[in-house]
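Understanding the architecture of this molecule
Listed below, chain by chain, are the residues.
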Amino acid sequence: MLQEVGIDPRRVEMYNLSAAMGPRWAEICTTFTKTVKDLGPSPVWLADQKRKEK
Amino acid sequence: MIVAKRKPIEEIKELLSGYQKVLNVGCGTCVSVCLVGGEKEVNILNAEIEMSRKMEDNPIEMGAACVERQCDREFLAALDDKVEAYEALMSMACGVGIQFLAERFPDKPVFPAVNTTGLAVNQDIGWYEERCRSCGNCVLGWTAGICPVTMCAKSLYNGPCGGTNKGSCEIHTDQPCAWHMIYERLSGQGRLDLLMKVHPANDWQDIGPRTLIQPGYEKTVAEGQKR
């Protein structure tokens, strides 16, 4: 669906883990935050900003 | 049940081009069960359209509603107060629901978000197979409960064509020959004599829009029409 509307599908990831897996949760958060930062701002956010500037 | 398939996003966007405020109406019956046009799917499609239009610098506001059945007046009435605020309507119901929605709100353009694909059985989650073409003259009594109109590529009424091939249809090896299946089942039931009778083709020329009035309701319908 994301690809259809022109958004990089790497922006969404699903993980399955239990409430007892704290260290794994932290690891996922760190890795995924890096992934999103590397991808740069969301194109939807950028479009919103552009419109606000007008 | 009636099953449908969502139209490609590009086609939907093309239908909505030129509109800035559209109400997307789902249906809580068949299309909800076949995972194409219920409340969840309305919200997903709306998000998709809104994101896409934002990125094209042409934002659109998509409203969401889902009625119990779009083919029943009393449920459509729930939309009466909402519709006025929108330029156009989009429906995720089957073709019947879309038309009834358009009939109730004749001043608003109504767009289909799905393609109605037929009357099907549920083989597994998300897997539907057509079984009935709604021909209006059911022959299942003498075809062992297997519909030759739907299951035979040529909709034949009196046995297989020359293309039957060891149980498969000539159109594809994965497509079973309906008449082979009918023969096998009738054979198992000891009812092969049914195949000896020649059956005339269906009267397809009378397949225009049909009206069904159940026995006992004729008077009520006549009174309603007078009103």
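Residues numbered from 1 in each chain as written. Chains lettered and ligands numbered in written order. Predicted model: local features only at pLDDT ≥ 70, side-chain atom pairs only at ≥ 80, totals over all residues.

Re the nonpolar core
All names here are of chain B. What counts, and what does not: The term nonpolar core refers to a group of buried residues, namely Ala, Val, Leu, Ile, Met, Phe, Trp, Tyr and Cys, whose C-beta atoms join them within 7 Å. In this scheme every C-beta is placed from the backbone, and a residue whose C-beta has 20 or more other C-beta atoms within 10 Å is buried, one with 12 or fewer is exposed, and one in between is partly exposed. For the purposes of this entry, the term helix denotes a DSSP run of H or I that reaches at least four residues, the term strand denotes a run of E that reaches at least two, and both are numbered from the N terminus. Each residue is represented by a C-beta atom placed from its backbone, and any two residues with such atoms within 7 Å are regarded as in contact.
Ranked by size, the top nonpolar core spans 35 residues in total, and within it Ala4, Val22, Val31 and Met92 carry the most contacts. Broken down by element, the residue count for this core peaks at four residues, all from strand 2 (residues 21–27). The residues contacting Met92, other than those within four sequence positions of it, are Asn24, Val25, Gly26, Cys27, Val31, Val36, Gly37, Glu41, Val42, Ala113 and Val114. Val149, Cys152, Cys169 and Ala178 belong to the second-largest nonpolar core, a separate cluster that totals 11 residues.

A word on the interface of chain B and chain A
To be explicit about the condition: Under the grouping applied here, Gly and all other residues not named as nonpolar or charged are polar, the nonpolar ones being Ala, Val, Leu, Ile, Met, Phe, Trp, Tyr, Cys and Pro and the charged ones Asp, Glu, Lys and Arg.
Contact with chain B, which involves seven residues of that partner, is made by 11 residues of chain A. When residues of the side of chain B that touches chain A are assigned to their parent elements, the largest contribution, five residues, is made by helix 3 (residues 39–55) of chain B. Of the residues contributing to the side of chain B that touches chain A, the split by class is three nonpolar, one polar and three charged.

Structural notes on helix 3 of chain B
Residue and element names in this part refer to chain B. Put simply, the rule is: Helices are assigned an expected span. That span is 1.5 Å times one less than the residue count.
Compared with an ideal rise of 1.5 Å per residue, which puts 17 residues at 24 Å, helix 3 spans 25 Å between its outermost C-alpha atoms and is within 8% of the ideal. Buried within helix 3 are the following residues: Glu41, Val42, Leu45, Ile49, Met51, Ser52, Arg53 and Lys54. Among the residues trailing helix 3, Asp57 stands out with phi positive, at a value near 55°.

Observations concerning the pairing of strand 7 (residues 127–132) of chain B
The following threshold applies: Strand pairing is assigned whenever DSSP detects at least two bridges linking the two strands.
Across five bridges, the pairing between strand 6 (residues 114–124) of chain B and strand 7 of chain B is antiparallel. By the bridge assignment, Ala120 of chain B is partnered in strand 7 of chain B with Glu130 of chain B.

Remarks on unusual backbone geometry
In most cases, non-glycine residues show a negative phi, while peptide bonds are predominantly trans. All names here are of chain B. In the Ramachandran plot, Leu35 falls in the positive-phi region, its phi being about 60° despite a non-glycine side chain. The residue Leu35 is located in the loop between helix 2 (30–33) and helix 3 in this model. Judged by the 15 C-beta atoms lying within 10 Å of it, Leu35 falls in the partly exposed class. Unusually for a residue other than glycine, Lys166 sits at a positive phi of about 50°.

Quick notes on the packing of helix 1 (residues 9–16) of chain B against helix 3 of chain B
Residues and elements named next belong to chain B. Which entries qualify depends on this criterion: Between N-to-C directions, angles cover 0 to 180 degrees, with each direction set by a line fitted to C-alpha atoms, over the stretch in contact for helices. Relative orientations are named as follows: roughly parallel for angles under 35 degrees, roughly antiparallel for angles over 145 degrees, roughly perpendicular for angles from 65 to 115 degrees, and oblique for any other angle.
Taken N-terminus to C-terminus, the directions of helix 1 and helix 3 make an angle of 70°; their axes are 11 Å apart at the nearest point. What the angle tells us is that helix 1 and helix 3 run roughly perpendicular. On the side of helix 1, the interface is formed by Ile9, Ile12, Lys13 and Leu16, while helix 3 contributes Glu48, Ile49 and Ser52. Partitioned by chemical class, the residues of the contact of helix 1 with helix 3 number four nonpolar, one polar and two charged.

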